[in-house]
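# Coordinate inspection notes
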Amino acid sequence: MKYKYKNLIPFVLIIFMAAAWYQIIRDSVNTTREYNGYVEAARKFSKDAVLLDAAENYNKAIQMKDSVGLRIELADLYKNNDMMDETSETAQAMISAFPQNAQAYEYLMELYLLQESYGGCFRTYDRANKVGAVSDKMKQMISDIQYKYKVIASGFSEVSMYSNDICAVKTGDFWGFVNAAGKKLTGAEYRSAGDFTGDKAFVENQEGEKYFIDSEGNKRGVLPDEVDPESVGNYQDGVYSICDSGKYDFYNIDKQKVLGSYSDATTFANGYAVVLTDTGFGLIDAGGKAVGRADYIKVACDERRVATENERIFFMKGDSWIMTSVDGSVVGTDTYEEAKPFYPNGAYAAVKKDGKWGFVDTEGKMCITPQFEDARSFSNGYAAVKKDHMWGFVDVSANIVIDPVFQEAMDMNSSGNIFVKENGGWKLISLYQYNY
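Owing to the predicted nature of the structure, the values given are computational and were not obtained by experimental measurement.

Calculation rules
- Residues numbered from 1 in each chain as written.
- Predicted model: local features only at pLDDT ≥ 70, side-chain atom pairs only at ≥ 80, totals over all residues.
- Heavy atoms only, no water.
- Helix = DSSP H or I, 4+ residues; strand = E, 2+ residues; numbered from the N terminus.
- Rg over C-alpha atoms; globule rule 2.2 N^0.38 Å.
- Buried < 20%, exposed > 50% of the residue type's maximum accessible area, 1.4 Å probe, protein only.
- Contact = heavy atoms within 4.5 Å.
- Areas by Shrake-Rupley, 256 points an atom, 1.4 Å probe, with all protein chains shown as cover.
- Axes fitted to C-alpha atoms, helices over the stretch in contact; angles between N-to-C directions.
- Parallel < 35°, antiparallel > 145°, perpendicular 65-115°, else oblique.
- Left-handed = near helix turned anticlockwise from the far one by under 90°.
- Nonpolar A, V, L, I, M, F, W, Y, C, P; charged D, E, K, R; others polar.
- Core = buried A, V, L, I, M, F, W, Y, C linked by side-chain atoms within 4.5 Å.
- Polar contact = N/O pair within 3.5 Å; in protein donor to acceptor, adjacent residues only side chain to side chain.
- Salt bridge = Lys/Arg side-chain N within 4 Å of Asp/Glu carboxyl O.
- Pairing = 2+ DSSP bridges.

### Thoughts on the overall build of the protein
From N to C terminus, the protein includes 7 helices and 31 strands. The C-alpha atoms of the protein give a radius of gyration of 34 Å, which is well past the 22 Å a tight globule of 436 residues would have. Projecting the C-alpha coordinates of the protein onto the three principal axes gives extents of approximately 130 × 50 × 50 Å. Across the 436 residues in the protein, those meeting the buried criterion constitute 45%. The contacts of the protein with a sequence gap of at least 6 include a subset with a gap of at least 24, amounting to 37%. Counting only carbon and sulfur atoms, one obtains 47% of the accessible surface of the protein, whose full area is about 21800 Å².

And the structure:
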C-alpha cells in the first residue's frame, strides 16, 4: 500500500505544478488584458480630449508596466493641451525612472528647445553625459544651440575692457565697476575710472579726489603730493605711470618714483613696459633697463595701455608693423599694415594685411587669413570681427559663431560673457553653454 502511495506522489506534484503554471499564465493574461485596457482607454480619452480620465488611465498603466514610450504619451497629452508644467514634471519623472535611457533625455531636451530654455538643454545634456546616455540626436541639438546667448546686464553708455574679470562701466554721467557676470561691484560714483590690470584701479570721485581703490571700492592708495597729473596709468606689477608736464614717470603705491622720465609709456605687464625716449619706442624691464632696439615709431596697445601680453609686442618700423619677443628679437619674417596686441588668454593677435584683418599666433604664423573689415585679438577662445559694417564673433577655426549684428563688440571674459553695443547702448550677453 505504501508503495502505491509512493508512486502517486510524483503524479500529484505534476498536477500541482501544472495547476500553478496555469494560474500564473491566467494571471498574466488577465494582467495583460487589464494593462491593455488602461492603455486603450487612455488613448481614447486622449483623442477625445478628456484629460483627467486619460491621465488617470495612463498612470494606472504605468503602475502596472512602466515604459519610456508610455510616459512620453502621457507627457504628450499634457503638451498637446498646453499644460507645460505637467509636461515638464512628467518628463523629469521619466528621467528619474529611466536614468540611462537616451530617449528620455531627448524628450526633455526637445521640450526645453520648444520653450527656448537653452540652459535646461545644457543641464539635461550634462546629466545624460554623466551616465553615458548621450545620443547623436542630443549631440546635434547641443550643436544647434551652442552659441545661443541671453542678456544679463544692460543700460551702459560706455564700457572698458575686462581685466582680471572686472570691467569699468559708465551709467549716465558716472563710472562704476562690474564683475565677470555683470554684477555691480561699486556704484556709478566716479567721474573717471581706470582698469583693474592689477589688484587696484585708479579713480576720480565726484568731488575731484583722485586715488586707488580695490575691487570692493575701498581706498587703497593716493598720488604723490608733489604732482599735478595730466593722466594716471593703470596699476600693475607694483607700479603705475603718471604723466606730468608731458613726461611719464613710474611710481609705486607708496608714492615713490621708481622709473622715469619718458615722453610716453605703456602699462607695465608681465615685467615689461614700452616707453618713448628721444630715439623712439622701445622695451624696458622692471628695472628700467632697455631691452632690444629703442627706435621704433609706434607700439600697439590695447585699451588698458598694455602692449606686452604673451611675451610679444608689435612695433611700427618704417611704414609697417613687426612682432618682437620680450627679449628684443624679431619674431617671424612677416610685416603688417596694422596690428593689435595679444590679449590675456588669447591664442591669436589681430593683424592687417592687404586691407583686411586676420590673425597670427605667437610665432608669427598667419592662422586665419585676412578677410575681415576689422578685428580684435582673441580672448578665451573667440575674437570679435567686423563684417558688412557690423560686429560678430569667430572661433579659432575662423567659423562665424555669433552673427555680425552688433554696432561694436568687446572681448569674451573667462565666464563666457561679452559686452556688445546695440541701439547706441552697451549690454552684457552670456553664452548659455558657459552659464546654465
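### Structural notes on the packing of helix H4 (residues 84–97) against helix H5 (residues 102–114)
In contact at an axis separation of 9 Å, H4 and H5 are set at 155 degrees when each is read in the N-to-C sense. Compared by their axis directions, H4 and H5 come out roughly antiparallel. The two elements H4 and H5 cross, and the hand of that crossing is left-handed. Taken together, the residues of H5 that come into contact with H4 (itself represented by Met84, Thr87, Ser88, Ala91, Gln92, Met94 and Ile95) are Ala104, Tyr105, Tyr107, Leu108, Leu111, Tyr112 and Leu114. Class assignment of the residues belonging to the contact of H4 with H5 gives a composition of 11 nonpolar, 3 polar and no charged.

### Some points on the nonpolar core
One finds Met109 and Met138 to be the most contacted residues of the largest nonpolar core, which totals 24 residues. Looking at this core, the elements with two or more residues in it are helix H3 (68–79), H4, H5, helix H6 (118–130) and helix H7 (136–144). Among the elements that line this core, the one with the most residues is H5, at 7 residues. Not counting residues up to four positions away in its chain, the partners in contact with Met138 are Ala102, Tyr105, Glu106, Met109, Tyr125, Ala128 and Ala133. Grouped together as the second largest cluster of nonpolar side chains are 14 residues, Trp391, Val401, Met412 and Leu431 included.

### A closer look at the environment of Glu311
Topologically, Glu311 is positioned in the loop between strand E17 (298–299) and strand E18 (312–317). Separated by 13 residues in sequence, Glu311 and Thr324 place their C-alpha atoms 8.5 Å apart. Leaving out residues up to four positions away in the same chain, Glu311 has contacts with Thr324, Ser325 and Val326.

### Topic: the side chain of Asp214
With respect to the element layout, Asp214 can be found in the loop between strand E7 (210–213) and strand E8 (219–222). Assessed through its relative accessible area of 11%, Asp214 is described here as buried. Here Glu216 takes part through its backbone nitrogen, which lies 3.0 Å from a polar atom of the side chain of Asp214. A polar contact is formed between the side chain of Asp214 and the backbone nitrogen of Asn218, at a distance of 2.9 Å. Those residues in contact with Asp214 that sit more than four places away from it in its chain are Phe196, Asp199 and Arg220.

### Examining the environment of Gln115
Among the secondary structure elements, Gln115 is positioned in the loop between H5 and H6. Separated by 31 residues in sequence, Gln115 and Met84 have C-alpha atoms that sit 9.2 Å apart.

### Describing the pattern of salt bridges
Enumeration over the complete set of coordinates arrives at 24 salt bridges. Across the pair Glu56 and Lys60 runs a salt bridge whose closest N-O atoms are separated by 3.3 Å. Of the two residues, Glu56 and Lys60 are both situated in helix H2 (residues 51–64); the distance of 4 residues between them amounts to about one turn of the helix. On the basis of relative accessible area, Glu56 is assigned to the partly exposed category, the value being 40%.

### Overview of the sheet that holds E8
Reading across the sheet, the 7 strands line up as E2-E3-E4-E5-E6-E7-E8 and stay open at both edges, with antiparallel pairing between neighbours. Looking along the sheet, the strands with just one partner apiece sit at the ends: strand E2 (158–159) and E8.

### Some thoughts on the pairing of strand E11 (residues 247–252)
The buried fraction of E11 amounts to 5 of the 6 residues, a majority that puts the element mostly inside the structure. In this antiparallel pair of consecutive strands, strand E10 (residues 239–244) and E11, the connection spans 2 residues, and Ser245 shows a positive phi of 60 degrees. Relative to strand E12 (residues 257–262), E11 is paired through 3 bridges, and the arrangement is antiparallel. Within E12, the position partnered with Phe250 by the bridge is Leu259. As consecutive antiparallel partners, E11 and E12 are separated by 4 residues, and within that stretch Lys255 has a phi angle of approximately 75 degrees, a positive value.

### Some points on the pairing of E18
Among the 6 residues that make up E18, 5 are buried, leaving the element largely enclosed by the rest of the structure. The pairing of E17 with E18 spans 2 bridges and is classified as antiparallel. The residue bridging Lys298 from the neighbouring strand is Met316, located in E18. Inspection of the sheet shows E18 paired to strand E19 (residues 320–325) by 6 bridges, in the antiparallel sense. The residue of E19 that forms the bridge with Phe315 is Ile322. What sits between the antiparallel neighbours E18 and E19 is a turn of 2 residues, in which Gly318 has the positive phi angle 70 degrees.

### Here we look at the packing of H5 against H6
Look at H5 against H6: their axes get within 8 Å of each other, and the N-to-C directions meet at 165 degrees. By the criterion of interaxial angle, the relationship of H5 to H6 is roughly antiparallel. The chirality of how H5 crosses H6 is left-handed. Residues Tyr105, Leu108, Met109, Tyr112 and Leu113 of H5 form the contact with H6, whose own contacting residues are Tyr118, Gly120, Cys121, Thr124, Tyr125, Arg127 and Ala128.

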